[in-house]
Amino acid sequence: MGTMFARGLKRKSAEDGEDVEGGLAGTQATPSYSLQRQSLLDMSLVKLQLCHMLVEPNLCRSVLIANTVRQIQEEMTQDGTWRVLAPQAAGRAPLDRLVSTEILCRSVREQEGERPAADVGDGRTPGLVPGLSAVPSAQALRSPQSSLWEVDSSRENRGGFQKSLDQIFETLESKTPGSVEELFSDVDSSYYDLDAVLTGMVGSTQSGHGSGLQAFTAVATPPPGSSCRSDLGELDHAVEILVET
Amino acid sequence: MERELETRLRAWMEGRAESRWLEKCQWELAEPHPETTQLESVRADIISTVEFNHTGELLATGDKGGRVVIFQREPESKNAPHSQGEYDVYSTFQSHEPEFDYLKSLEIEEKINKIKWLPQQNAAHSLLSTNDKTIKLWKITERDKRPEGYNLKDEEGKLKDLSTVTSLQVPVLKPMDLMVEVSPRRVFANGHTYHINSISVNSDCETYMSADDLRINLWHLAITDRSFNIVDIKPANMEDLTEVITASEFHPHHCNLFVYSSSKGSLRLCDMRAAALCDKHSKLFEEPEDPSNRSFFSEIISSVSDVKFSHSGRYMLTRDYLTVKVWDLNMEARPIETYQVHDYLRSKLCSLYENDCIFDKFECAWNGSDSVIMTGAYNNFFRMFDRNTKRDVTLEASRESSKPRAVLKPRRVCVGGKRRRDDISVDSLDFTKKILHTAWHPAENIIAIAATNNLYIFQDKVNSEMH
C-alpha cells in the first residue's frame, strides 16, 4: 500500500520493484510501472462509467477523473506504449481529441477481451495495442465524454459509452434480485489490489463478458456516502429510462 | 485601525514569555444546560453544513435530509454559572425536499449544501439555504406574547354568541412560552443547470451570489424570477471541459469584488464594475506546480475545495486536499503561507483515489481575529494553525474520551519511526470519519465541528476572548 505514482525527472534503473519512476518521452517505462499505470487507467474508466446512477453525477469528480485519464494517455503516447490508428485528422488538436475520446469509447469488455494474452506474468504492453485498433472508428467519432457532462444531451451522443452501460445493466438485471451490495460482495477484489497485479496473480477473472463485469465492479463497492442506491428495483427503473426501448 | 490592532496584538503576543497560545488553549466540550431541552447533537442524517450568524448567537446546521437545525446560545446567567453560554436547540425545520427532474430522469437531492445568514436588520433573523438546485430565504421570528380578551372570539377562537357580549374590552398582550416560527420568504429556483456549491451574501445586504460547477449568478434578495449570470466557464464544446468552479465568495467589505476557485487550484478575483460578465478576472492567483512532487494525482489534490476571505478582507484562505494556504490579495504569484494538514497521506494517494476519498471536500475557517485557521481531516481529527507562532495542533472530535468539562488533548499521527503512547499510526486512521465542515464563532473562541452525524461545540474557557 504505499506505492505512489510518481513521474520522476530521471529514469532510475528498476533495482527496487516497488519504485515507480516513470520515464520521459522516448524511454520505455518499467513493466511494473506500466502495469500500475494501466490499473490506474482502468480504475479511472470504471469510475467514470459508474457515476451514472440515479442522482446526477458529481461534475467536478468526473472532470478530475477524465483529466487523469488524459494525462495517462498522454504519457503512454510519449512512452510509445500507445499507438493509435486514428482517422486522418487536420491538425494536432483534433487528433488529441479523437485519441482521448477513443479511450473513453473503449468499453470495458473490449479491454478485457485483449487482456488474457498479455496478463500472465510480466508486462502487458504488447497486448494493449491490438485492442486499441479494434475499436470501430464510428465509436471514436462520437463523444461519450459529453454525455458524462450533460445528462440531458440526446441519446445518440452516448454511443459507445451507452454500449458499456447496457452491458452493466444487462448483467445486473440477470442476477437474482437482491441488494446491489450482495452483487458486489462475492466479487474477486484482488483485481485492483496493486500487490496482486504486480505479482501477476490476476488473470482468472478476465475472460468473457460476465466476468469482465465482475472485475470492474470490484472497484465499485460503494464507498460510504456514494450515491449508488441499494434498491435493485430503482436500478430497473433507471435501466428502463436509459435504454429507452 | 485593523492594522494597528493587529500590530499591537502581535507585539503583545511576542512579548509574552511563552506565546504558546494554542498549547495553552483548553478546548472543552460545551454541554447543554441540564434544565433546557436536550441538545440534539446526534442526528439521523449526516450534517452537511455549519454556519454561525454574524453575532455568533445562532448556529445553523443543515443535513443530508434537507433539515435545518438552529442552535442558540443561552445568555449567561448568574444563577447557573456552569452554563455560561451553552448552545441549545432553537428551531428545527424542513428546508428542502427531494425532487425529481422529469426532463433528465434524475433525482435532485434534498441535502443542504450551504447556509448563509443575512445580516440582521430587525427583530427577525434570516438565512439562505440551498441544495443542488434551489436557494430559499427563510425568516425566523419569535413570538413570546399573545393577545387575550377578544370581543368576538373566546379563548379557543370560537365565535362568541353575541347576546352574551355586554361590554367592550381592549385585548391585552399576555406573555406566553417562546415560539420560534420559520417561514419561507423567497424561493430562488431554476437558476442553475449544474450543482450549486456555494452561496455568498454581498456586503450591500441586497444581493447575493450562487455558484454551480460552471456558472455564477447574482441575485437580488427580493427578486426570485430573475438572476444575472456573472461568470460562465462552460466551453462551447463540452468535450473541452477540463476545469470547474469549486467555491466562491464575496469580499466582506467591497461589494464589487468576489473570488472563485477552480478544480485546477487557481483563484480568480473578479470586479463586477469591470464588465457585466466577469469572465476576465482582475487577478489570477495560482501557485506554480512543484515538479518534484508531480504525479498523476497532482491536479486532483490541487483542486481547491473551499475559499474564505479573512475578516479583515486582506487575505484569502484556501483548502486543497493536503494543505491550507493563506493568500495575500496583493500577491498573485504564490500564497504567503502554506500549512500541511496531513502530508502523511501523500504516499497513499492511489488508495485514496480508489476509495474516492481523494475527492472529499474539506472546508476551512478563520477565527475572528484572523490569527488562527482551522480545518478538518480524517479519523474525526481537526487541525488548527496559529499564523503568528506557526504552531499547530491536532484535536479529535469524539465523545469517548471527553466527559463534560474535560479538556481535549492534542493528538498525533505517527508515520513510522518512534511511536509515542497515544499516537495513531497512519494505517489505522478511519477514513470514514471525516470532518468536512467546521465553523468558528465570529468573536469568541467557540468552534462548531460536524463529525458525520454528530455536532460538537467546543469552547476555550481559558482564553474566551479572541487573541
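Residues numbered from 1 in each chain as written. Chains lettered and ligands numbered in written order. Predicted model: local features only at pLDDT ≥ 70, side-chain atom pairs only at ≥ 80, totals over all residues. Heavy atoms only, no water.

Looking only at helices and strands, chain B features 4 helices and 32 strands. Residues counted as buried form 54% of the 467 residues belonging to chain B. Across chain B, the fraction of contacts at a sequence separation of at least 24, relative to all contacts at a separation of at least 6, is 55%. Counting only carbon and sulfur atoms, one obtains 49% of the accessible surface of chain B, whose full area is about 21,800 Å². (Helix = DSSP H or I, 4+ residues; strand = E, 2+ residues; numbered from the N terminus. Buried < 20%, exposed > 50% of the residue type's maximum accessible area, 1.4 Å probe, protein only. Contact = heavy atoms within 4.5 Å. Areas by Shrake-Rupley, 256 points an atom, 1.4 Å probe, with all protein chains shown as cover.)

A word on the pairing of strand β32 (residues 454-460) of chain B. Successive side chains on a regular strand alternate, one facing one side of the sheet and the next facing the other. Residue and element names in this part refer to chain B. The buried count for β32 comes to 6 of 7 residues, which makes it a mostly enclosed element. Of the strand pairs in this sheet, strand β31 (residues 446-451) and β32 are connected by 6 bridges, and their pairing is antiparallel. Within the sheet, the bridge partner assigned to Ile449 lies in β32 and is Tyr456. Taking the residues between adjacent antiparallel strands as the criterion, β31 and β32 are bridged by 2 residues, where Thr452 takes a positive phi near 55 degrees. (Pairing = 2+ DSSP bridges.)

Another aspect to go through is the sheet that holds strand β17 (residues 257-262) of chain B. Residue and element names in this part refer to chain B. Strand order in the open sheet formed by 4 strands is β16-β17-β18-β19, and the pairing between neighbours is antiparallel. Whereas interior strands pair on both sides, the edge strands pair on one side only; in this sheet they are β16 (245-250) and β19 (283-285). Within the sheet, the average angular offset between the axes of one strand and its neighbour, ignoring direction, is 20 degrees. Pairing between β16 and β17: 5 bridges, direction antiparallel. (Axes fitted to C-alpha atoms, helices over the stretch in contact; angles between N-to-C directions.)

Applying the stated criterion to the full structure yields 17 aromatic pairs over all chains. For the ring pair B:Phe100 and B:Tyr102, a centre distance of 5.2 Å and an interplane angle of 65 degrees mean the geometry is edge-to-face. Note on B:Tyr102: relative accessible area 70%, which makes it exposed. Through pairs of rings, three or more aromatic residues link up here, namely B:Tyr321, B:Phe362, B:Tyr378 and B:Phe431. Between A:Arg61 and the ring centre of B:Phe359, over which it is positioned, the NZ or CZ distance is 5.5 Å. Over the face of the ring belonging to B:Tyr315 we find B:Arg387, whose NZ or CZ atom lies 4.7 Å from the ring centre. (Phe/Tyr/Trp six-rings, centres within 6.5 Å; stacked < 30°, edge-to-face > 60°. Lys NZ or Arg CZ within 6 Å of the ring centre and 35° of its normal.)

Moving on, we get to the pattern of salt bridges. All names here are of chain B. Under the defined criterion, the tally for this structure stands at 29 salt bridges over all chains. Among the salt bridges present, the one from Asp63 reaches Arg67, with a minimum N-O distance of 3.5 Å. Judged by its relative accessible area of 0%, Asp63 falls in the buried class. When its relative accessible area of 25% is taken as the criterion, Arg67 is described as partly exposed. Linking Arg215 and Asp232 is a salt bridge whose minimum nitrogen-to-oxygen distance equals 3.2 Å. (Salt bridge = Lys/Arg side-chain N within 4 Å of Asp/Glu carboxyl O.)

Residues and elements named next belong to chain A. Given a rise of 1.5 Å per residue, 21 residues ought to cover 30 Å, and the 30 Å separating the end C-alpha atoms of helix α2 (residues 59-79) matches this to within 8%. Burial of α2 is extensive: 18 of the 21 residues sit out of reach of the surface. Where α2 begins, the side chain of Asn58 points an oxygen toward the backbone nitrogen of Cys60, at a separation of 3.1 Å. (Expected span 1.5 Å × (residues − 1). Polar contact = N/O pair within 3.5 Å; in protein donor to acceptor, adjacent residues only side chain to side chain.)

So, about the state of the cysteines. Throughout the structure, instances matching the rule amount to 0 disulfides over all chains. In this structure B:Cys255 is not part of a disulfide, and its nearest cysteine sulfur, from B:Cys205, lies 10.0 Å away. (Disulfide = S-S within 2.5 Å.)

With that settled, the discussion passes to the environment of B:Ser428. Residue and element names in this part refer to chain B. Position of Ser428 relative to the elements: it lies in the loop between β29 (424-425) and β30 (437-440). In this structure Ser428 comes out as partly exposed when scored by relative accessible area, which is 46%. With 308 residues separating them in the primary sequence, Ser428 and Gln120 have C-alpha atoms 46 Å apart.

Attention now moves to the nonpolar core. Judged by nonpolar contacts, the single largest core of 56 residues is most densely connected at B:Tyr321, B:Tyr353 and B:Ile358. Where this core is concerned, the elements lending two or more residues are α1 (31-50) and α2 of chain A together with α3 (298-302), β21 (315-319), β22 (323-328), α4 (349-354), β24 (364-366) and β26 (381-386) of chain B. In terms of residue count, the dominant contributor to this core is α2(A) (9 residues). What B:Tyr321 contacts, discounting residues up to four positions off in sequence, is B:Ile301, B:Ser303, B:His342, B:Leu345, B:Leu349, B:Leu352, B:Cys357, B:Ile358, B:Asp360, B:Phe362 and B:Tyr378. (Core = buried A, V, L, I, M, F, W, Y, C linked by side-chain atoms within 4.5 Å.)

Residue and element names in this part refer to chain B. Within the secondary structure, Asp422 is located in the loop between β28 (413-414) and β29. In this structure the C-alpha to C-alpha distance between Asp422 and His251, which are 171 residues apart in sequence, comes to 42 Å. Excluding anything up to four places from it in sequence, Asp422 contacts Lys409 and Arg411.

Once that is clear, we can look at a nonpolar patch on the surface. A grouping of B:Leu152, B:Leu159 and B:Leu162 is seen on the molecular surface, where their side chains present a nonpolar patch of about 370 Å² in accessible area. Along the chain, the position of B:Leu162 falls in the loop between β10 (135-148) and β11 (172-188). (Patch = residues over 30% accessible without salt bridge, like charges linked within 9 Å, V, L, I, M, F, W, Y side chains within 5 Å.)

Bringing the confidence of the model for chain B into the picture now. Caution is warranted with low-pLDDT regions, since their predicted coordinates should not be read in detail. All names here are of chain B. Per-residue confidence for chain B averages 88 on the pLDDT scale, and 87% of its residues sit at or above 70. Predicted confidence for residues 10-21 stays below pLDDT 50, and this span has 19 contacts to residues more than four positions away or in other chains. Within the model, the stretch residues 31-40 combines pLDDT values under 50 with 22 contacts to residues more than four positions away or in other chains. (pLDDT = per-residue confidence, 0-100.)

For the rest of this paragraph, the subject is the side chain of B:Glu110. Mapped onto the elements, B:Glu110 comes out in the loop between β7 (106-108) and β8 (114-117). For B:Glu110, the contacting residues outside a window of four places in its chain are B:Asp63, B:Lys64, B:Gly65, B:Gly66, B:His96, B:Glu97, B:Pro98 and B:Asn131.

This brings us to the sheet that holds β8(B). All names here are of chain B. Taken in spatial order, the 4 strands of this open sheet run β8-β9-β10-β11, and their pairing is antiparallel. Looking at strand neighbours, the two that pair on one side only are β8 and β11, the edges of this open sheet. Between one strand axis and the next, the sheet turns through 25 degrees on average, direction left out of account. Taken together, the 4 bridges between β8 and strand β9 (residues 125-130) define a ladder with antiparallel strand orientation. Among the inter-strand pairings, Lys116 is bridged to a residue of β9, identified as Leu128.

Looking now at the environment of B:Trp366. Residues and elements named next belong to chain B. On the secondary structure map, Trp366 appears in strand β24. Excluding residues that lie within four positions of it along the chain, Trp366 makes contacts with Lys308, Phe309, Ser310, His311, Tyr315, Met316, Leu317, Val326, Val372, Ile373, Arg387 and Trp440. Separated by 3.1 Å, the side chain of Trp366 and the backbone oxygen of Lys308 make a polar contact. Engagement of the side chain of Trp366 in a polar contact is seen with the backbone oxygen of Phe309, the distance being 3.2 Å.

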